[in-house]
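# Inside the fold
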Amino acid sequence: MQIRTREFVPRATFALHDPNLQRALANAAGGFIGKRAKAVAEVPEFEALREAARVRKDEILAELDLWLERYEERVRAVGGQVHWARDAEEARAIIRALCARAGAKTVAKGKSMVSEEIGLNEALATDGLEVIETDLGEYIVQLAKEPPSHIIAPAVHKTKEQVAELFAEHHGTTPEPTVPGLVTEAREQLRCQFFRTDVGITGANFLIAETGASVIVTNEGNGDLTQTLARVHIVTAGIEKVVPTLEDATLFLRLLARSATGQDSETYTTYSMGPRRADDPDGPQEYHVVLVDNGRSRMLGGPWREMLRCIRCGACMNHCPVYGAIGGHAYGWVYPGPMGSVLTPLFVGLDTAYDLPNACTLNGRCGEVCPVKIPLPDLIREVRHAQQRDGLHPPAEQRAKALWRRAAERPALYHGLERLAVRLLATLGQNGRIRRLPGLSAWTDARDLPAPAGRTFLELWHAKGRDQ
Amino acid sequence: MPLPPDRAGTVGLFATCLMNAMRPNIGFAAAQLLEDAGWRVEVPREQTCCGQPAYNGGDEDAARALARRTIAQFEAFDALVAPSGSCLATLKHDYPRLLRDDPLWAGRAQALADKSWELLTFLHERGGAERIRSRFPHRVVYHDSCSGLRQLGIREAPRALLARVEGLTLIEAEDREVCCGFGGTFSVKYPALSERLAENKVQRLLATRAEVVLGGDLGCLLHLAGRLARICAPVRVYHTVEVLAGLADGPGIGQA
């Protein structure tokens, strides 16, 4: 996927003025937030579950190598193969080779953010493979030739009218902008495709070490068809997806569905384990798992470790006011919103993704809803610190910050400057406010600046001889 | 009314940068409420900024330097009190974290954090609420500022204290836990985003048909008052403590 994080500001500005996007975002936010709140309220122990999940994830991460090896062992034992990919390039190469060996012409895909992360679709297309996205949202964005704008709802930026037009254009049907109508239409189109795919590629929500199973949750059942009807099933997953036991997976599944879509559980929770056995009625002939590191093991040892707890539910972006105002495309890469504001700079560069952690008010709602209690605002701030260490903040800002610091450490100077500024601002005020202030137009373009009265609190207080 | 024994000490009033410069009335209101509650109030002359802009702006080193200054200025008081949840969250949560690896300062940072209070929480939990004698016969809507709400859990205190004000009717806005879009330097670094979030918030506030908007953090209030003034909305904005102290008889923020 093309990295467009440097265009954050223009793309965000464009998004603010895109009426279709604004309509779609308003609908989506209302649904996600309300449904999650309701689902959470129905589980009195939800907070205890979050805490248990935080603790358990940290325990697992502390022994991640061990659980990954156990998982690999179990996958082998049930006839599957595990491939280790150090980075995106290796991951693509492994999957391309598997497809080539299978003589594949057509690949069906379940939704997988890791496959976006490693740029899989483009690579497969270069090899002349036909790639069919089978998740409804992914199918929509694939038709529209767009990247997903949300990690669980890839087409959340589109209104149903836009989807209907898109379908009409591609399927040669009459636009029918109702949700059930659109779902049926996509189902009819996709159903016949499943039967002619050679390779099915899915992501994984969890990999279970004790059984060697991979788990995906979907609401459309497309994951099941993707992995059972193809000759070869390839699972792609980040290495942080492994959990020791089925019981662990259950804990995270309870949190995942409620946090993501406000459901008790997603409609389909699908376990897959190895290729078809002799007495299985269906299933793939080959079963492969591609475990992708791509910087994750480096994260384990540093200040970003807690980010590896993420179970990709999307609650942080659903509750982020900035995401809610601009949608996911403005962020310019695979992971948008608060979790993306931490992850994206780590994947594509602190410089390249400069704006993402900075375009955040640190209001903290993301951290409050995170099912595994990732302190997102703290991590976002931590990215800014790393950017400071690398000298990446704009030069004018760095100079201003350095000057401000020197003043703030010298009370006489600081208070003198405050008194001066307050007097100046007071003379500029009309009816208690300043409508335009050259030099501070970033403020006054959007709002008035309330004018101060002309004396600071400290000078007034001490003039009264109150103390010291 | 005799004072309980734990209210005989001296409070250091933290004069936040914005309050000091833009709205001294809040400082006087805060001092009055503390004095009415039986505390002696002092305002250290040498205090400057708590360091939050540096901390959030990426400059940990500057934040540490300012944290040490603030600790030295205030550690002798029985308590530090500030009319702001945002600055207070920096003192309470960030100072101990910033200085945890500094053997000379880690303990002092924690000690100050333990006795630092946001004003309304202080009055609500340590006593003084019963001495509020204020009248404000208006329909008001209270804006929850994010740092106070999420980092300090300030939710009940302002509402409980406002309930004591004669004639005041409190109306709750929809989406009251959603950020107003101020965000410190965010407001000028990403003005288009800040404006949109402000507008979303202002529409929620106006939908209550309240005459007055109150809040506990001047940053958010300058931002909201500025936006309300820009769209010519006939609503007044005050800091909560101005109303509680009976000092909201003058013009609202951004008005004359």
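Residues numbered from 1 in each chain as written. Chains lettered and ligands numbered in written order. Predicted model: local features only at pLDDT ≥ 70, side-chain atom pairs only at ≥ 80, totals over all residues.

## Considerations on the sheet that holds strand β6 (residues 169-171) of chain B
Residues and elements named next belong to chain B. Worth spelling out the cut-off: The pairing criterion is simple: DSSP has to find at least two bridges between the two strands. A run of H or I in DSSP counts as a helix once it spans at least four residues, and a run of E counts as a strand once it spans at least two, with each numbered from the N terminus. Note on method: axes are straight lines fitted to C-alpha atoms, helices fitted across the in-contact stretch only, with angles between N-to-C directions ranging 0 to 180 degrees. Once C-beta atoms are placed from the backbone, any two residues with those atoms within 7 Å are in contact.
Spatially, four strands are ordered β6-β5-β7-β8 in an open sheet, and the strand pairing comes out parallel. What marks the edges here is a single partner per strand, and that holds for β6 and β8 (236-239). When the angles between neighbouring strand axes are averaged without regard to direction, this sheet yields 35 degrees. Contacts between helix α12 (residues 218-230) and the sheet are confined to β5 (139-143), β7 (212-215) and β8, with β8 contributing the most and set at about 170 degrees to the helix.

## Let's talk about the environment of T106(A)
All names here are of chain A. Note the cut-off: With C-beta atoms placed from the backbone, a residue is buried if 20 or more other C-beta atoms are within 10 Å of its own, exposed if 12 or fewer are, and partly exposed between those counts.
Examined against the element boundaries, T106 turns out to sit in strand β2 (residues 106-109). Residue classification places T106 among the partly exposed residues on the basis of 16 C-beta atoms within 10 Å. For the pair T106 and S149, spaced 43 residues apart in sequence, the C-alpha separation works out to 25 Å. When neighbours within four sequence positions are excluded, T106 is seen to be in contact with L129, E130, I132, R196, T197 and D198.

## Some details on helix α4 (residues 60-74) of chain B
The criterion, for reference: The span you would expect from a helix comes to 1.5 Å times its residue count less one.
Its 15 residues place the ends of α4(B) 21 Å apart at the C-alpha level, agreeing with the 21 Å of an ideal helix rising 1.5 Å per residue. The set of residues buried in α4(B) consists of E60(B), A62(B), A63(B), L66(B), A67(B), R68(B), R69(B), T70(B), I71(B) and F74(B).

## Observations regarding the pairing of β7(B)
Two strands pair when backbone bridges link them, and β5(B) and β7(B) are joined in this way by four bridges, in the parallel orientation. Residue pairing across strands places H143(B) opposite G215(B), the latter belonging to β7(B).

## Topic: unusual backbone geometry
All names here are of chain A. The backbone of L362 sits at a positive phi, close to 55 degrees, despite the residue not being glycine. Among the secondary structure elements, L362 is positioned in the loop between α17 (355-358) and α18 (365-369). Here L362 falls in the buried class, since 24 other C-beta atoms lie within 10 Å of it. With a phi angle near 55 degrees, N431 is a residue other than glycine that sits in the positive phi range. Along the polypeptide, N431 turns up in the loop between α21 (411-428) and β11 (433-434). Given 13 C-beta atoms within a 10 Å radius, N431 is considered partly exposed.

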